[in-house]
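Examination of the molecular architecture
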Amino acid sequence: AFDSSNNLYIGDEGNNRIRQVTLTPGAALSATSLSFGDQLVNTTSIPLTVTLSSAGALPLAISSITPYGDFTESDNCPLSPATLNPGSTCTINVYFHPTVLGPAVGTISISDNASDISQTRLPSSSSAALLQKPGTSAYSPAWLSPRHAW
């Protein structure tokens, strides 16, 4: 049975007790990190997609989805006061847009009401490669490391 605060109570016949079951929202991501590989400076990558699931017994209220570093995002996730119902999902598309040459690390931070994870972080990393030598019109490797492109 539920009370007016949506607390669930079940009868434990073996112990002659009524037990309260705490229902909470939960959040789960389809990936724990993203790696974009190499990307030309001042260009935007194709998106890498992550699914956010409402994995708890109560609706997930998402207050913000915030990218940090040279990363941006677009999503179809409902922001509070709207909620993501239990068992439902939404999609977050993450893009890499390097502004300087070299490795890049960033984070997508998801703030929500999940009791186990108040803020979910999705680490993202990549490398920016400058493929055109200054003063030339021919493309050639400007520099190369194991994570950089030609």
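Each value, and the rule that gives it
- Residues numbered from 1 in each chain as written.
- Predicted model: local features only at pLDDT ≥ 70, side-chain atom pairs only at ≥ 80, totals over all residues.
- Heavy atoms only, no water.
- Core = buried A, V, L, I, M, F, W, Y, C linked by side-chain atoms within 4.5 Å.
- Buried < 20%, exposed > 50% of the residue type's maximum accessible area, 1.4 Å probe, protein only.
- Helix = DSSP H or I, 4+ residues; strand = E, 2+ residues; numbered from the N terminus.
- Disulfide = S-S within 2.5 Å.
- pLDDT = per-residue confidence, 0-100.
- Contact = heavy atoms within 4.5 Å.
- Pairing = 2+ DSSP bridges.
- Phe/Tyr/Trp six-rings, centres within 6.5 Å; stacked < 30°, edge-to-face > 60°.
- Salt bridge = Lys/Arg side-chain N within 4 Å of Asp/Glu carboxyl O.

All right, on to the nonpolar core then. The biggest cluster of nonpolar side chains holds 20 residues, and the ones touching the most others in it are L52, L60, I62, I65, C77, I92 and V94. Elements with a minimum of two residues in this core: β4 (34-40), β5 (48-54), β6 (62-68), β8 (89-96) and β9 (102-112). No other element matches the 4 residues that β8 contributes to this core.

The next point concerns the state of the cysteines. Applying the stated criterion across every chain, the model contains 1 disulfide. A sulfur-sulfur distance of 2.0 Å marks the disulfide that ties C77 to C90. For the disulfide bridge between C77 and C90, the dihedral angle about the S-S bond is near 85°, and by the sign convention the bridge is right-handed. Linking C77 in the loop between β7 (71-75) and β8 with C90 in strand β8, this pair joins segments that are 13 residues apart in sequence. Since its relative accessible area comes to 2%, C90 is described here as buried.

Summary statistics for the protein give a mean pLDDT of 77 and a share of 76% for residues scoring 70 or more. Note that pLDDT drops below 50 for residues 129-150; the model gives that stretch 39 contacts with residues more than four away or on any other chain.

In this section: the environment of P47. Structurally, P47 is set in the loop between β4 and β5. With a relative accessible area of 33%, P47 lands in the partly exposed category. Put simply, P47 and T72 are 25 residues apart on the chain and 9.4 Å apart in space, counted from C-alpha to C-alpha. If we skip the residues at most four places from it in the chain, P47 touches N93, V94 and Y95.

Next up on the list: the pairing of β8. Where β5 meets β8, 6 bridges bridge the pair, whose relative direction is antiparallel. Bridging across to β8, L52 finds its partner in C90. Relative to β8, β7 is paired through 5 bridges, and the arrangement is antiparallel. Within the sheet, the bridge partner assigned to F71 lies in β8 and is F96.

Moving on, we get to the packing of aromatic side chains. Going through the model one piece at a time under the given rule, you end up with 3 aromatic pairs. Ring centres of F36 and F71 lie 5.6 Å apart, and the angle between their planes is 45°; on these two criteria the pair is classed as tilted. You can see F36 sitting in strand β4 and its partner F71 sitting in strand β7, a full 35 residues away along the chain. In this structure, F36 and F71 share a single accessibility class: buried.

Right, let's get into the pattern of salt bridges. Inspection of the entire model under this criterion finds 1 salt bridge. D12 is the partner of R19 in a salt bridge, and the nearest nitrogen-oxygen pair spans 2.7 Å.

Inspection of the secondary structure puts S53 in strand β5. Relative accessible area serves as the criterion here: at 22%, S53 is assigned to the partly exposed category. Once residues lying within four places of it in the same chain are set aside, the contact partners of S53 are G26, A27, A28, L60, L84, S88 and T89.

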